[in-house]
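Here is what each chain is made of, one letter per residue.
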Amino acid sequence: MLAGEANNRTINGNLALPFHTYLGMMGRWINASPLRWIASALSFAAACSGIEVDPYLRHPIRVFLMVGQSNMVGHGAIDETDRESGEQKNATLTWLVDNAPDQYGKLKSGTDRHWTSRDDIMIACNHQGLYDLTPEMRTYGNLSAGLCGGDAGQLQIGPELGFGWAVGDALNHARDGGDIAVLLKVAWGGRSLAVDFRPPSSHGFTGLYYTSVINHVKAALANLTAYFPSTSGRPIKLSGMAWHQGWNDGCDDRMTDEYEYNLVNLIRDIRGDDGLSVPNMPFVVGISGMSGYEAGRRAGIVEAQMAVSNFTKYPEFEGDVASVDTRPFLREPAPHSPSNLGYHWNNNGESYWLVGQGMGAAMVELVLRREAEDGIRRGQASHWRTAEPSDAYGSVGR
């Protein structure tokens, strides 16, 4: 049985999923297939306009932030066998590659069938214990299954794998080649938006983990060539942020009631002078859909997360904020998934892959729109910088 067959809310009830993602309360579906056409059209328009485009400015390194709690850390099983049968459990990543090769076979390559390493997508993550706020990335390298997924010492995936593949496939080869992207993932398990990630504009206090996210990102950008020497001398652009969080706030009625208020402030603050100073930076929310359509006490969190992409309510966010409905990606618990841990998507590798793919597809649409509006022209790269080593931060560890 395929991992999704038992759940009639999975798309078509099986693994042969059309790659569609519902974007927020506006009820708009997107599909990744037109993205190459859009990017080609932008390049054609620039050529016809006679604008001189510096090749370096045409090929910045796009940097994407991935922030949240344990579901952003990621606990999708990669290789886990049943103790009694010795067979691979349903919906581990290995099981998906073996049983649905049309969709997932690309995740392994070579005659030895090793996990595919994307040389056009690099990732660095904090991979830190709950109370370790040291602003450094402990794990980094080319994106592949298991790198930057799970807690330290675990071989698991989070949304980063699907997100990176979606962004890389749509953006890195959509123009005339040579593009690369960097994912900076900063996440800790069991953290709330109301307290730990609380933004300055929510008043009362600023969460330690909000401040730590800012510190981690600034340190990584200043020290990017220490992690990735190939970025030296290349312009970089902070292109967007993906947010997947909400479980802990759903445990408390007061936190749930103020979640929308806090999330709106988070988007504003992290873009502003109290954050990273990138106005209108694309922001994608992967809603807390791990309970499916029967969200129970977390229904308020889901509503709040969808509300930020209601552009009648928040016109300032139109065109650069998206809410991705992840509820269709829930799979039935064991034996259809590796476990019955609902708060971690039942450790289902397919669920984590689809959450990442959905958020990545939404990000691509926002980025292309933003770049089209900003114009990639000489002298208009106000949020680009050149990646060089910095002595301000110590050596980086793996």
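Our structure is the block above this text.
Worth saying up front: this structure is predicted, and the values here are computed from it rather than measured.

Calculation rules
- Residues numbered from 1 in each chain as written.
- Predicted model: local features only at pLDDT ≥ 70, side-chain atom pairs only at ≥ 80, totals over all residues.
- Heavy atoms only, no water.
- Core = buried A, V, L, I, M, F, W, Y, C linked by side-chain atoms within 4.5 Å.
- Buried < 20%, exposed > 50% of the residue type's maximum accessible area, 1.4 Å probe, protein only.
- Helix = DSSP H or I, 4+ residues; strand = E, 2+ residues; numbered from the N terminus.
- Contact = heavy atoms within 4.5 Å.
- Phe/Tyr/Trp six-rings, centres within 6.5 Å; stacked < 30°, edge-to-face > 60°.
- Polar contact = N/O pair within 3.5 Å; in protein donor to acceptor, adjacent residues only side chain to side chain.
- Disulfide = S-S within 2.5 Å.
- Pairing = 2+ DSSP bridges.

Colleague: Quick question: what am I supposed to make of the nonpolar core here?
Modeller: Generally speaking, a soluble globular protein has its nonpolar side chains buried in company with each other. Residues F64, L93, Y104, L107, L161, F163 and V284 are the most contacted members of the largest nonpolar core, which totals 48 residues. Looking at this core, the elements with two or more residues in it are β3 (61–68), α3 (70–73), α4 (93–99), β7 (118–125), α6 (159–172), β10 (181–187), β13 (321–324) and α12 (349–374). No other element matches the eleven residues that α12 contributes to this core. Discounting residues that sit within four places of it in the chain, L161 has contacts with L93, L107, L143, S144, A145 and W353.

Colleague: Explain the packing of aromatic side chains to me, please; I cannot follow it from the model alone.
Modeller: Any two aromatic rings considered together are summarised by their centre-to-centre distance and by the angle between their planes. Under the defined criterion, the tally for this structure stands at twelve aromatic pairs. Geometrically, the ring pair formed by F197 and Y209 is edge-to-face, given 6.2 Å between the ring centres and 70 degrees between the ring planes. Here Y209 lies in helix α7 (residues 208–222) and F197 lies in the loop between β10 and α7, a separation of twelve residues in the sequence. A residue is classified by how much of its surface remains accessible, and F197, at 1% relative accessible area, is buried. Its relative accessible area of 5% is what places Y209 among the buried residues.

Colleague: For this particular structure, what's the right way to read the side chain of S202?
Modeller: With respect to the helices and strands, S202 occurs in the loop between β10 and α7. With a relative accessible area of 4%, S202 lands in the buried category. Within the structure, the side chain of S202 is placed 2.7 Å from the side chain of N262, a separation counted as a polar contact. A distance of 3.1 Å separates the side chain of S202 from the side chain of N265, its partner in a polar contact. In contact with S202, other than residues within four places in its own chain, are Y261, N262 and N265.

Colleague: I tried to follow the state of the cysteines on my own but got confused; where do I start?
Modeller: Linking two cysteines covalently via their sulfur atoms produces the bond known as a disulfide. Applying the stated criterion to the full structure yields one disulfide. Linked covalently through their sulfurs, C125 and C148 form a disulfide whose S-S length is 2.3 Å. Looking down the S-S bond of the C125 and C148 bridge, the torsion is -90 degrees, so its handedness is left-handed. Pair noted here: C125 is in strand β7 and C148 is in the loop between β8 (139–143) and β9 (156–157), with a separation of 23 residues, a long-range link. Taken individually, C125 and C148 each receive the classification buried, so the pair is uniform in this respect.

Colleague: Looking at this structure, I do not really get the environment of P135. What am I missing?
Modeller: Within the secondary structure, P135 sits in the loop between β7 and β8. The partly exposed category is assigned to P135, whose relative accessible area is 34%. Here the alpha-carbon distance between P135 and A220, two residues 85 residues apart in the chain, equals 8.0 Å. Setting aside anything within four residues of it in sequence, one finds P135 in contact with N215, H216 and A219.

Colleague: Could you clarify how one ought to interpret the pairing of β7 in this entry?
Modeller: A regular strand places its side chains on the two faces of the sheet in alternate fashion. With seven of its eight residues buried, β7 lies for the most part within the structure. Bridge count for β7 against β10 is five bridges, and the pairing is parallel. When the sheet's bridge partners are listed, C125 is paired in β10 with K185.

Geometric values such as these leave the question of function open.
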